[in-house]
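Here is what each chain is made of, one letter per residue.
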Amino acid sequence: MIKNRNISKKLIILTVIAILTCILYMTIGVNFENKKLLNYAMKIRFPKLCAMIIVAFAIGSASIVFQSVINNTIVTPCILGMNSLYTLIHTAVAFAGGIGSFIVINPNLSFVTDAIIMGISATIIYGYLFKKTNHNVLYVLLIGTVLTSFFSSVQNTLTRIMDPNEYDILLTTLVASFEHVNSRIILASIVLLASIILFLHKEIALLDVITLGKNQAINLGVDYDKSIRKLLLAVALCMAVATALVGPLSFMGLIIANLARQLMKTYRHSLLIPASFLFGIITLAGGQLIVEKVFVYDAPISVFITVGGGIYFLYLLLTKKRS
């Protein structure tokens, strides 16, 4: 009983910090005396904040679910290949149609293209192939790793052939950024994530049982293979939505998922997923605030997440080896 109260207090404190971080991002540097400037600032910042919340939820929940399914806390869903596929799609479109092609310059069409291609790929790889490999999770991870290398190799080949000037312009679209977020894309992302949640509501409720292991879950009446297939597909789709919205954030899931596990110290996914989501909001909103006010847009937030995530990954490896 005391332990549950402590966990609830931690979640409440985390929620308050996340809300304060969002308020700081929306208010720091804003001229409240001038109504026009205030409206202009809100018009720019509000879509960014909405995108941060969506990305934090998609990556945070996907990372917790993925780690629980794989039974390993130092892996991230980026191993499924969605980040590499995103860069390949944008590079291939720019290579085939030029950097000024309609798909490249139109953010709505670009998002739809990314979401459709990555969604179909995720369905084939983590739905059909999972069934074909006799529901072996390790084979699916191996396929994801091989596809990641394949997508990266093809993308690198295309960039070597491309015009250097076009590649310089393309490079800005391959880095995760919350600039120029379109409100229509935000609405589409919310609809897609809501559909995934509805599709997975039974499996999410069974996650605590599934993490006990295959034999235990089957003994408790869970259709283990079907549930794992649906969970992996949902993880890939969530990563596809987040990546299509702002770009690849490779270490984001590793950071917020492990911070949630270390803080909450519980197996209950009804607490781990919200904690990971809140850590994601704090990381993105706080990081974007630092990017805008301290570094004045000199470096994108993905750079800091990658560097911090790499250091944190080494820390997790060393501490896990000791334990």
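Residues numbered from 1 in each chain as written. Predicted model: local features only at pLDDT ≥ 70, side-chain atom pairs only at ≥ 80, totals over all residues. Heavy atoms only, no water.

J.: Tell me about the overall build of the chain, and please be specific about residues and values.
T.: Counting its regular elements, the chain contains 14 helices and zero strands. Reading the chain from its N end, one meets helices and strands in the order α-α-α-α-α-α-α-α-α-α-α-α-α-α. Dimensions of the chain, computed from C-alpha atoms along their principal axes, come out at roughly 60 × 50 × 40 Å. Counting every position in the chain, which comprises 323 residues, the buried fraction comes to 47%. (Helix = DSSP H or I, 4+ residues; strand = E, 2+ residues; numbered from the N terminus. Buried < 20%, exposed > 50% of the residue type's maximum accessible area, 1.4 Å probe, protein only.)

J.: An account of a nonpolar patch on the surface is requested, with residue identities and associated values reported.
T.: On the surface, Ile-290, Val-294, Phe-295, Val-303, Phe-304, Val-307 and Ile-311 cluster together to form a nonpolar patch covering roughly 610 Å² of accessible area. Counting residues per element, the nonpolar patch draws most heavily on helix α14 (residues 301–322), which supplies four residues. Mapping Val-307 onto the fold places it in helix α14. (Patch = residues over 30% accessible without salt bridge, like charges linked within 9 Å, V, L, I, M, F, W, Y side chains within 5 Å. Areas by Shrake-Rupley, 256 points an atom, 1.4 Å probe, with all protein chains shown as cover. Salt bridge = Lys/Arg side-chain N within 4 Å of Asp/Glu carboxyl O.)

J.: I'd like to hear about the nonpolar core, residue by residue, with values.
T.: Ranked by internal contacts, the top residues of the largest apolar core, which has 93 residues, are Val-55, Tyr-126, Leu-249 and Leu-284. Here the element with the most residues in this core is helix α11 (residues 224–246); it accounts for 16 residues. Setting aside residues no more than four positions away along its own chain, Leu-284 makes contact with Met-52, Val-55, Ala-56, Phe-178, Leu-249, Met-252, Ile-301 and Ile-305. Grouped together as the second largest cluster of nonpolar side chains are five residues, Ala-94, Ile-99, Met-162 and Leu-174 included. (Core = buried A, V, L, I, M, F, W, Y, C linked by side-chain atoms within 4.5 Å. Contact = heavy atoms within 4.5 Å.)

J.: Could you give an account of helix α13 (residues 269–293), with specific residues and numbers?
T.: Compared with an ideal rise of 1.5 Å per residue, which puts 25 residues at 36 Å, α13 spans 35 Å between its outermost C-alpha atoms and is within 8% of the ideal. Judged by how many residues are buried, α13 sits mostly within the fold: 18 of 25 residues are covered. (Expected span 1.5 Å × (residues − 1).)

J.: Please provide a residue-by-residue account of the environment of Ser-153, values included.
T.: In this fold, Ser-153 is placed in helix α6 (residues 137–161). Classification of Ser-153 as partly exposed rests on a relative accessible area of 43%. Note: C-alpha distance between Ser-153 and Ser-84 (69 residues apart in sequence) is 9.5 Å.

J.: So what's going on with the confidence of the model for the chain? Residues and values would help.
T.: Looking at the chain, the pLDDT average stands at 83 and 97% of residues meet or exceed 70. Element-level mean pLDDT values for the chain span from 73 in helix α4 (residues 102–105) up to 91 in α13. (pLDDT = per-residue confidence, 0-100.)

J.: Requested: an account of the packing of aromatic side chains, with residues and values cited.
T.: Using the criterion set out here, one finds four aromatic pairs in the structure. Here the aromatic rings of Phe-150 and Phe-151 are separated by 6.0 Å at their centres, their planes lie at 55°, and the arrangement is tilted. Given the relative accessible area of 46%, Phe-150 is considered partly exposed. A ring pair is formed by Phe-295 and Phe-304, whose centres lie 4.9 Å apart and whose planes are at 45°; its orientation type is tilted. When its relative accessible area of 35% is taken as the criterion, Phe-295 is described as partly exposed. A cation over a ring is seen here: Lys-230 above Phe-199, with NZ or CZ 4.7 Å from the ring centre. (Phe/Tyr/Trp six-rings, centres within 6.5 Å; stacked < 30°, edge-to-face > 60°. Lys NZ or Arg CZ within 6 Å of the ring centre and 35° of its normal.)

J.: Can you lay out the packing of helix α12 (residues 252–264) against α13 for me, pointing to particular residues and giving the numbers?
T.: Packing of α12 against α13 leaves a shortest axis separation of 8 Å and a crossing angle of 125°. The angle between α12 and α13 places the two elements in the oblique class. In this structure, α12 crosses over α13, and the sense of that crossing is right-handed. In contact with Met-252, Ile-256, Ala-257, Leu-259, Ala-260, Arg-261, Leu-263 and Met-264 of α12, α13 contributes Leu-271, Leu-272, Ala-275, Ser-276, Phe-279, Gly-280, Thr-283 and Leu-284. (Axes fitted to C-alpha atoms, helices over the stretch in contact; angles between N-to-C directions. Parallel < 35°, antiparallel > 145°, perpendicular 65-115°, else oblique. Left-handed = near helix turned anticlockwise from the far one by under 90°.)

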